[in-house]
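Listed below are the residues making up each chain.
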Amino acid sequence: MQAAIYREGVFGRRPVVPTSPSALEHAARRRMSRRAYAYVAGSAGQERTAQANVDAFERWQIVPRMLRDVSTPDVGLDLFGDHLPAPLLLAPIGVLEMAHHEADLAVGRAAASLGLPAILSSQASRPMEQVADAMGTTPHWFQLYWSNNDDLAQSFVQRAEASGASALVVTLDTHSLGWRTRDLDLAFLPFAHGLGIAQYTSDPVFADLVAQRVASGSRADGHQPRPTPAAVRALVSMARHYPGDDSLTTRLRSPLPRAAVETFLDVFSRPSLTWRDLGWLRDQTTLPIVLKGIQHPDDAAQALDAGVDGLVVSNHGGRQVDDAIGSLDALPGVVDRVDGRVPVLFDSGVRSGADVFVALALGATAVCLGRPWVYGLALAGERGVRTVLQHVAAELELTMALAGCASLADVDRRAVTPAGRDRTP
Ligand SMILES: Cc1cc2nc3c(=O)[nH]c(=O)nc-3n(C[C@H](O)[C@H](O)[C@H](O)COP(=O)(O)O)c2cc1C
Ligand SMILES: O=C(O)C(=O)c1ccccc1
């Protein structure tokens, strides 16, 4: 992959999006609406944790080794029964319609064109079935926000299985949205405008919940005719074809979309969740269950006791708890406690192929990429996403070869050292 990208560069063809992570973000900022950029780039509080995520990478440095036959670097790996061409997945990101009108479809196509798995969000702008179709044989995973409504949670899990998902990622760190200062100052939250709820509006259980709400509202005011549940189901399923970013106000003034938004806010999450509830989920599905949002080694140990199949060390890009530790700082402790028993994925703060290398060296099985490809999506749709992914994968491959690593097995803790030390670990 890196050879092809270099060849393009040598022949004077500029990439569709900048290769430098900061230039990429800067370009996207100019292209996106204020609200969309604030939502994507913003994090919790004073954004110290978002900064800590990035800064943590500066405290590790790669120690290149020489003369190790890196003529055919192998960056592939097997994970939950699939072969991945690189240790990279697309992190689940909601409300992509704010970045581009093709949203999750463009992302799914871009991921599939490189064979990289995408983790489809519970807060997607397109139903998982559509994106799974667009991805063909490339693996997808489904990220679950565990609803307080058992039937809805069960329906999401069943749809994920039916759509061919390879794993279920349960995000634990976002049972409430964090203190998102940029969004609060703009008085903007996408869900309040009906954005990012396509998994819900395309769901039969959710449609029944909306129907019940509309029916009880009609009873209360006594004037409106009460719609039948079937009529509401039809209307809700039409909602998935709405244009995306215009006529929002009109849509939300009419009772049905408003009822859908209110129902979503009612059922979105279950802050009462405990480790004991995982047994229920285990009974619902044979898919591998991966817990996202683990930072403490003791939580990793509890996850293993609960029989989960994998972890994602993540702090949600610093969007949840400000003043929390950088995610990379949490990685080695979790990896040590897990001790190879299940795959440990990593995200939060990964901006480049060199960053991916460092996370792998500290024990990550694979890395989930987040904001960078959202910026690619905003700048150039499917092509922008593909280009960002290619850049990161190319730099990883090149970094491995130049650091003397012929395969992922060589990317271990001996390949890095704490910054400023005068000896290797
Ligand atoms: C705009 C945005 C939306 C997100 N939506 C979700 C989501 O729906 N579900 C989820 O589990 N994580 C979500 N995340 C968190 C990402 O999966 C990932 O943990 C985070 O982006 C990593 O941080 P980084 O992008 O700064 O590297 C979102 C992140 C962003 C930036
Ligand atoms: O914005 C987010 O980070 C996120 O994960 C989320 C949570 C709830 C609804 C939509 C997105």
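Residues numbered from 1 in each chain as written. Chains lettered and ligands numbered in written order. Predicted model: local features only at pLDDT ≥ 70, side-chain atom pairs only at ≥ 80, totals over all residues. Heavy atoms only, no water.

- Going by an unreviewed UniProt entry, the protein carries the name Alpha-hydroxy-acid oxidizing protein and comes from Angustibacter luteus.
- Per its UniProt entry, the protein bears the Cofactor (unreviewed entry) comment "FMN". (UniProt positions renumbered as here; feature names shortened; annotations may be inferred.)

## Brief notes about the overall build of the protein
- Secondary structure assignment for the protein yields 18 helices and twelve strands.
- Taking 22 Å as the expected radius of gyration for a compact globule of 425 residues, we find that the protein reaches 22 Å, a close match to that expectation.
- Along the longest, intermediate and shortest principal axes, the C-alpha atoms of the protein span 80 × 50 × 40 Å.
- Scored against the burial criterion, the 425 residues of the protein give a buried share of 54%. (Helix = DSSP H or I, 4+ residues; strand = E, 2+ residues; numbered from the N terminus. Rg over C-alpha atoms; globule rule 2.2 N^0.38 Å. Buried < 20%, exposed > 50% of the residue type's maximum accessible area, 1.4 Å probe, protein only.)

## Remarks on the site of ligand 1
- In the vicinity of ligand 1 lie 23 residues, with Pro-92, Ser-121, Thr-171, Arg-351 and Arg-371 positioned nearest.
- Contact distances for ligand 1 include 2.7 Å between an oxygen atom and a side-chain N or O atom of Thr-171.
- A distance of 3.0 Å is found between an oxygen atom of ligand 1 and a side-chain nitrogen or oxygen belonging to Lys-292.
- Expressed as a share of its isolated accessible area of 600 Å², the protein-covered part of ligand 1 is 98%. (Near = heavy atom within 4 Å. Polar contact = N/O pair within 3.5 Å; in protein donor to acceptor, adjacent residues only side chain to side chain. Areas by Shrake-Rupley, 256 points an atom, 1.4 Å probe, with all protein chains shown as cover.)

## Considerations on helix H2 (residues 21-31)
- Burial in H2 covers these residues: Leu-24, Ala-27 and Ala-28. What you see down the axis of H2 is that its buried residues fit within an arc of 100°, all on one side. Along H2, exposed side chains directed more than 90 degrees from the buried face belong to Ser-22 and Arg-30.
- Summarising the contacts, the buried residues of H2 are in contact with helix H18 (371-402). (Arc of directions from axis to C-beta. Contact = heavy atoms within 4.5 Å.)

## Overview of the packing of helix H15 (residues 297-305) against helix H16 (residues 327-338)
- Look at H15 against H16: their axes get within 8 Å of each other, and the N-to-C directions meet at 35°. Judged by the sense of rotation from one axis to the other, the crossing of H15 with H16 is right-handed. Between H15 and H16, the residues in contact are Pro-297, Asp-298, Ala-300, Ala-301 and Leu-304 and Gly-333, Val-334, Arg-337 and Val-338, respectively.
- Tallied by class, residues from the contact of H15 with H16 come to six nonpolar, one polar and two charged. (Axes fitted to C-alpha atoms, helices over the stretch in contact; angles between N-to-C directions. Left-handed = near helix turned anticlockwise from the far one by under 90°. Nonpolar A, V, L, I, M, F, W, Y, C, P; charged D, E, K, R; others polar.)

## Quick notes on H15
- Where H15 is concerned, the buried positions are Ala-300, Ala-303 and Leu-304. Down the axis, H15 shows its buried residues gathered within 100° of arc, on one side only.
- Where H15 is buried, its residues contact strand S8 (289-294), strand S9 (310-313) and H16.
- Count one or two residues on from H15 and you reach Gly-307, which has phi positive near 80°.

## A short note on the site of ligand 2
- Within the structure, ligand 2 sits among Tyr-39, Gln-123, Tyr-145, Thr-174, Leu-177, Arg-180, Phe-191, Phe-268, His-316 and Arg-319.
- Between ligand 2 and His-316 there is a distance of 2.7 Å, counted from an oxygen atom to a side-chain nitrogen or oxygen.
- Arg-319 places a side-chain nitrogen or oxygen 2.8 Å from an oxygen atom of ligand 2.
- For ligand 2, whose unbound accessible area comes to 300 Å², protein coverage reaches 93%.

## Here we look at the packing of aromatic side chains
- Taken as a whole and assessed by the stated rule, the structure comprises eleven aromatic pairs.
- When the centroid spacing of 4.8 Å and the interplanar angle of 70° are considered together, the rings of Tyr-200 and Phe-264 count as edge-to-face. In this pair, Tyr-200 is assigned in helix H9 (residues 198-201) and Phe-264 in helix H13 (residues 255-267), connecting sequence segments 64 residues apart.
- Using a relative accessible area of 1% as the deciding quantity, one classes Tyr-200 as buried.
- Residue Phe-264 is classed as buried on the basis of its relative accessible area of 2%.
- The structure contains a cluster of three or more aromatic residues connected by ring pairs, namely Phe-142, Tyr-145, Phe-156, Phe-191, Tyr-200, Phe-206, Phe-264 and Phe-268.
- In this structure, Arg-319 packs its charged tip against the face of Tyr-39, placed 4.9 Å from the ring centre. (Phe/Tyr/Trp six-rings, centres within 6.5 Å; stacked < 30°, edge-to-face > 60°. Lys NZ or Arg CZ within 6 Å of the ring centre and 35° of its normal.)

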